[in-house]
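Chain by chain, the residues:
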Amino acid sequence: MSTIKTVLGVFACKAARASLRVAKSGGTTLPGRAAMFFDKNILADVSKDMDIIVVTGTNGKTTTCNMLEQALSSTGVDVLANKSGANLLKGVTAEFCANANWKGIPRKKYAIIECDEGALKQVVPLIKPKVILVTNLFRDQLDRYGEVTHTLEQIRMGVKKAPDSILCLNADCSLTASLANDVPNKVVYYGIDCPYGEQKEPEVSDAKYCINCGTEYKYDYHTYAHLGGFYCPKCGYKRSKTNTAVTSVNKLSIKGTDVTMEFRDSDNVDKENVLISLPAIYNVYNAVGAVCAYTAAGFKREDIIKSLAVTSSSFGRMETFDLDGVDVQMILVKNPAGCNQALTYVTSMDDEYEAVICLNDKTADGHDISWIWDAEYERLAEDDSLSKIIVSGDRAEDIALRLKYGGMDESKIELVKGWDNLVNVMKKSKYPVFVLPNYTSMLALRKTLAEVTGAEEFWKG
């Protein structure tokens, strides 16, 4: 039953949100704060009786949510999703309040929600999700989270507050998979059951030693970073058997990926070829995780498999813009593991291209940018297809220095300050442009690109 606090909170949220939209701002914190002023737990009311999938983890949250949402939408379901990336408590609260009626009753039955790792313990007790998907754990925002094991414990605290949720875990991530050790939830696993790329010790590993006994992991195979067929030779902790898995990466190109997936339950094993419309191995992880969560929530597997073949990119993640005839693709990077995968993708180009690296150090990025010294920017210096590299953002000089230490020819490096100036420089390119920004630089540059190219603002839709 609605209370006066709920009614006032919903009204305050909608009014604040409408004001921000008039001002052409995508702000999400203020509407959520306005709602919670009247009832700090209003989220429980405005999400009551909804079927919700929550996605958390370091990398891949937004893209995985996008895959899940588009799969549901393709079946005619009207689904709530926090597309704007508002994944803290106030932002999630704002999304649900804005989509409730004036009494605070949800207008939609289903929701796909991206949730920050640290906010999980605040959000899930209120919305009681049907499924929680954990993508992976990498070192990220050191000044906010500290060591990656601290992030792991934040997620564990959240999971324990939603004991009825089905937990979908990435079996290839030794940190993520360890969540199953002491939580009451039903657990299902997904992953890639086959090697990918060069089978050598990863240069960047955020989980080199066994989380249980401290012994260095051994691997049957690697995919990237610390992901793969890990096992501890001392205590026996190892990769779990998967319920949903990629068993073969058949073809991977800049246009997408063709894989074989297996689906296993207690009764049988099904196998199917799956087309994923997005490129790069990390999107294979996003796709197989999305299939696992989708089916765990009780939806039909065939719907999401069909949808994956036509899923469009989410904002800032492999998103492409036509800038006066110049193809500009934006690939968000925010930590060494994700950056290395983006660099692998970019340097796989056969034709000439230009690269843009944007780096800020605002609160949402993490003020500690030391991670750039662990990313393998040497790959750019070694790539003959790279015509020029532009650096921009608040810490552009730091990126320029990192590139010089990585062996980059200084004559190829151009420093450009100001997003309007950067867009004007990119317009003059003779080649496709790949932009690798971190979070706040992505938002700022994307806003400018949207204004110039007519793309929608990220908060719309």
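A short tour of the structure in this document, coming up. (Residues numbered from 1 in each chain as written. Predicted model: local features only at pLDDT ≥ 70, side-chain atom pairs only at ≥ 80, totals over all residues. Heavy atoms only, no water.)

1. Things to note about the packing of aromatic side chains
Taken as a whole and assessed by the stated rule, the structure comprises 11 aromatic pairs. Considering the side-chain rings of Phe37 and Phe38, the 5.2 Å spacing of their centres and the 90° angle between planes classify their relative orientation as edge-to-face. What makes Phe37 exposed here is its relative accessible area of 68%. Judged by relative accessible area, Phe38 falls into the partly exposed class, the value being 31%. (Phe/Tyr/Trp six-rings, centres within 6.5 Å; stacked < 30°, edge-to-face > 60°. Buried < 20%, exposed > 50% of the residue type's maximum accessible area, 1.4 Å probe, protein only.)

2. As for the pairing of strand 8 (residues 228-231)
Two elements, strand 7 (residues 218-222) and strand 8, share 3 bridges in a ladder whose sense is antiparallel. Along strand 8, the bridge assignment pairs His222 with Gly228. Counted along the chain from strand 7 to the antiparallel partner strand 8, the turn is 5 residues long, and its residue Ala225 has a positive phi close to 50°. (Pairing = 2+ DSSP bridges. Helix = DSSP H or I, 4+ residues; strand = E, 2+ residues; numbered from the N terminus.)

3. Digging into a nonpolar patch on the surface
On the surface, a nonpolar cluster with roughly 430 Å² of combined accessible area is contributed by Ile4, Leu8, Phe37 and Phe38. Mapped by element, the contributors of at least two residues to the nonpolar patch are helix 1 (4-22) and helix 2 (29-38). Looking at the secondary structure, you find Phe37 in helix 2. (Patch = residues over 30% accessible without salt bridge, like charges linked within 9 Å, V, L, I, M, F, W, Y side chains within 5 Å. Areas by Shrake-Rupley, 256 points an atom, 1.4 Å probe, with all protein chains shown as cover. Salt bridge = Lys/Arg side-chain N within 4 Å of Asp/Glu carboxyl O.)

4. What to know about the pattern of salt bridges
In this structure the tally under the stated criterion is 25 salt bridges. Here Glu451 makes a salt bridge to Lys447, at a shortest N to O gap of 2.9 Å. In this pair, Glu451 and Lys447 both sit in helix 16 (residues 439-453), 4 residues apart, roughly one turn of the helix. Taking the relative accessible area as the measure of exposure, Glu451 reaches 53% and is therefore exposed.

5. Thoughts on the nonpolar core
In this structure, Phe96, Tyr377, Leu380 and Leu403 are the most contacted members of the largest nonpolar core, which totals 127 residues. A total of 12 residues in this core trace back to one element, the largest contributor, which is helix 10 (residues 281-296). Not counting chain neighbours up to four residues away, the residues in contact with Leu403 comprise Ile357, Tyr377, Leu380, Ile389, Val391, Met408 and Ile413. Val326, Val356, Val416 and Leu449 belong to the second largest nonpolar core, which has 21 residues in total. (Core = buried A, V, L, I, M, F, W, Y, C linked by side-chain atoms within 4.5 Å. Contact = heavy atoms within 4.5 Å.)

6. Notes on the sheet that holds strand 5 (residues 166-170)
With respect to topology, 9 strands assemble into an open sheet ordered 2-3-1-4-5-6-9-10-11, the strand pairing being mixed. Lying at the two open borders of the sheet, with one neighbouring strand each, are strand 2 (79-81) and strand 11 (269-276). When the angles between neighbouring strand axes are averaged without regard to direction, this sheet yields 15°. Pairing between strand 6 (residues 187-192) and strand 9 (residues 244-253): 3 bridges, direction parallel. When the sheet's bridge partners are listed, Gly191 is paired in strand 9 with Ala245. On top of the sheet, helix 5 (residues 89-98) reaches strand 1 (51-56), strand 2 and strand 3 (110-114); it is set at about 160° to strand 3, its chief contact. (Axes fitted to C-alpha atoms, helices over the stretch in contact; angles between N-to-C directions.)

7. Some details on the packing of helix 10 against helix 11 (residues 301-308)
One can describe the packing of helix 10 onto helix 11 by two numbers: an axis separation of 9 Å at closest approach and a directional angle of 155°. Between helix 10 and helix 11, the angle is such that the two are roughly antiparallel. The two elements helix 10 and helix 11 cross, and the hand of that crossing is right-handed. Counted together, Ala287, Ala290, Val291, Tyr294 and Thr295 of helix 10 and Arg301, Asp303, Ile304 and Leu308 of helix 11 form the full contact between these two elements. (Parallel < 35°, antiparallel > 145°, perpendicular 65-115°, else oblique. Left-handed = near helix turned anticlockwise from the far one by under 90°.)

8. Remarks on the side chain of Ser307
Summarising the element assignment, Ser307 is placed in helix 11. Taking the relative accessible area as the measure of exposure, Ser307 reaches 6% and is therefore buried. Polar contacts involving the side chain of Ser307 include one to the main-chain amide nitrogen of Ala71, which spans 3.4 Å. Not counting residues within four places of it along the chain, the set of residues in contact with Ser307 comprises Gln70, Ala71 and Ser74. (Polar contact = N/O pair within 3.5 Å; in protein donor to acceptor, adjacent residues only side chain to side chain.)

9. Looking at the environment of Gly325
Its location among the elements puts Gly325 in the loop between strand 12 (317-323) and strand 13 (326-331). Judged by relative accessible area, Gly325 falls into the exposed class, the value being 64%. Gly325 sits 105 residues away from Lys430 along the chain, and the two C-alpha atoms are 9.5 Å apart.

Geometric descriptors of this kind do not, in isolation, establish any biological role.
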